[in-house]
Amino acid sequence: QGSELQGRVALVTGASSGIGRASAIALAAAGAQVVVNHRAAGDSQARAAAVVEEIQRSGGQAVTAAADISREDHVDLLFKAVIAHYGRLDILINNAGIEQPAPIADMTLADWQRVIDVNLTGHFLCARAAAKQFTLNPANPARQGLATGNIIFISSVHEVIPWAFQVNYAASKGGIAMLMKSLAQELGPAKVRVNSIAPGAIRTPINQPAWDTPDSLANLLKLIPYGRIGEPEDVARAAVWLASDASDYVTGTTLFVDGGMTLYPEFRGAG
Ligand code: NAD
């Protein structure tokens, strides 16, 4: 157990699986009290409860909180629940995201809208609520000079790599890049740091067909100079660093955690 996030309260959206789950566990192991958001009752509720149990078994503190982050009314209630439970908020990990691929001619407005609603508008709603909360917090004198709030967007390598058949997803992640930078510029004077993590191919349910057979994994590895698929913990460690004072003075940047996927690997040996 670390202590770099002792006394901090962190909200992780979409934390019942994958990168959100690993980040919640890692933040708690670093001493944060963690709110494990999940979308709804049912399966995701049970998975979120299992994340909280795992954190508590290791001596950490966490609670679950249901909310569909694409809905303004849900986000309002989510932030009220965080403050009611822990009395403050220091760190927002804007993680929840979905894919809904289709060739452009078949992509319905609903396919487009749903992905934008969750991946971009949902991240805006949570960032807005966090910003309001952070600027309400009187600066803690023990942390004078350091950030009084921290927002981390989980974007994607697709904030820079175009993605055929996923124009909705790539547009949402490209949008995150400018949302993040503009917010970092706006909130710097309030001592709020804002950054993104852009994961490459990480072994989670969202992209299971890309890694769950030997053939698909071999194809995927051609895109990754570092020669292995990423694990959720690779991203979680970066999230802890960005959330902690160790990264003070880092704001408005995207940290690529991608095994080199954005390095144009097809140029190895070319020319
Ligand atoms: P995942 O499917 O395991 O996790 C996504 C989580 O978001 C799920 O728990 C889901 O229930 C939740 N969610 C979806 N819609 C929601 C909503 N409206 N409200 C609240 N929660 C909602 O996949 P993951 O890979 O862990 O994805 C996490 C983030 O990482 C996403 O933003 C994704 O775009 C991004 N990402 C993943 C990869 C990868 O290779 N796995 C690569 C780049 C970026």
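Before going into details, it helps to say that this report is about the structure given with it. (Residues numbered from 1 in each chain as written. Predicted model: local features only at pLDDT ≥ 70, side-chain atom pairs only at ≥ 80, totals over all residues. Heavy atoms only, no water.)

## Let's talk about the nonpolar core
Inclusion rule: Only buried residues count toward a nonpolar core, which is a set of Ala, Val, Leu, Ile, Met, Phe, Trp, Tyr and Cys residues joined through side-chain atoms within 4.5 Å. Categorising residues by exposure relies on relative accessible area from a 1.4 Å probe, with only protein chains included: less than 20% of the type maximum marks a residue as buried, more than 50% marks it as exposed, and the intermediate range marks it as partly exposed. Starting at the N terminus, helices and strands are each numbered in turn, a helix being any DSSP run of H or I of at least four residues and a strand any DSSP run of E of at least two. By the convention used here, residues are in contact when the closest approach between their heavy atoms is within 4.5 Å.
Grouped together as the largest cluster of nonpolar side chains are 36 residues, with contacts concentrated most on Leu11, Phe79, Leu89, Ile151, Phe153 and Val194. Mapped by element, the contributors of at least two residues to this core are strand 1 (9–12), strand 3 (61–66), helix 3 (72–86), helix 4 (109–136), strand 5 (149–154), helix 5 (167–187) and strand 6 (192–199). By residue number, the principal contributor to this core is helix 4, which donates 9 residues. The contacts of valine 194, once residues within four sequence positions are left out, are Ile151, Phe153, Met180, Leu183, Ala184, Leu187, Thr251, Gly252 and Thr253. Formed by 33 residues, the second largest nonpolar core is a distinct cluster that contains Ala22, Ala30, Ile202 and Ala239.

## Quick look at the pattern of salt bridges
This is how the line gets drawn: Whenever Lys or Arg places a side-chain nitrogen within 4 Å of a carboxyl oxygen from Asp or Glu, that contact is recorded as a salt bridge.
Taken as a whole and judged by the stated rule, the model has 10 salt bridges. Between arginine 193 and aspartate 248 there is a salt bridge, and its shortest N-O distance comes to 3.8 Å. Remark: aspartate 248 occurs in the loop between helix 7 (232–243) and strand 7 (254–257) and arginine 193 occurs in strand 6; sequence separation between them is 55 residues. Linked through salt bridges whose partners overlap, the residues forming this network are Arg228, Asp234 and Arg237.

## Here's the deal with the site of the ligand
We apply this condition: What makes a residue near a molecule or strand is one non-hydrogen atom of that residue sitting within 4 Å of it. Think of a polar contact as two N or O atoms within 3.5 Å of one another; within protein, one of them needs to be a possible hydrogen donor and the other a possible acceptor, and neighboring residues in sequence only count if both atoms come from side chains. Surface exposure here means Shrake-Rupley accessible area, sampled with a 1.4 Å probe, where a residue is shielded only by the protein chains that are shown. Charged means Asp, Glu, Lys or Arg here, nonpolar means Ala, Val, Leu, Ile, Met, Phe, Trp, Tyr, Cys or Pro, and polar covers whatever is left, Gly included.
Residues in contact with the ligand amount to 29 residues; listed here are only the nearest, Ser17, Ile19, Asn95, Tyr169 and Thr204. Measuring from an oxygen atom of the ligand, one finds a backbone N or O atom of glycine 200 at 3.1 Å. Compared with its free state, where it exposes 820 Å², the ligand has 95% of that area covered by protein. For the shell around the ligand, the secondary structure elements donating two or more residues are helix 1 (18–29), helix 4 and helix 5. Looking at the shell around the ligand, its residues break down into 13 nonpolar, 12 polar and 4 charged.

## Examining the packing of helix 4 against helix 5
The following threshold applies: Only C-alpha atoms enter the line fits that serve as axes; for helices the fit covers just the stretch in contact. Angles between N-to-C directions range over 0 to 180 degrees. By definition in this entry, angles of less than 35 degrees are roughly parallel, angles greater than 145 are roughly antiparallel, angles of 65 to 115 are roughly perpendicular, and the rest are oblique. Left-handed describes a crossing whose near helix is turned anticlockwise from the far helix through less than a right angle; right-handed describes the clockwise counterpart.
As a packed pair, helix 4 and helix 5 sit with axes 8 Å apart at the nearest point and diverge in direction by 15°. Compared by their axis directions, helix 4 and helix 5 come out roughly parallel. Considering the relative orientation of helix 4 and helix 5, their crossing is right-handed. Of the residues in helix 5, those in contact with Asp111, Trp112, Val115, Ile116, Asn119, Leu120, His123, Phe124, Ala127 and Ala131 of helix 4 are Val167, Asn168, Tyr169, Ala171, Ser172, Lys173, Gly175, Ile176, Leu179, Leu183 and Leu187. For the contact of helix 4 with helix 5, the residue count by class is 14 nonpolar, 5 polar and 2 charged.

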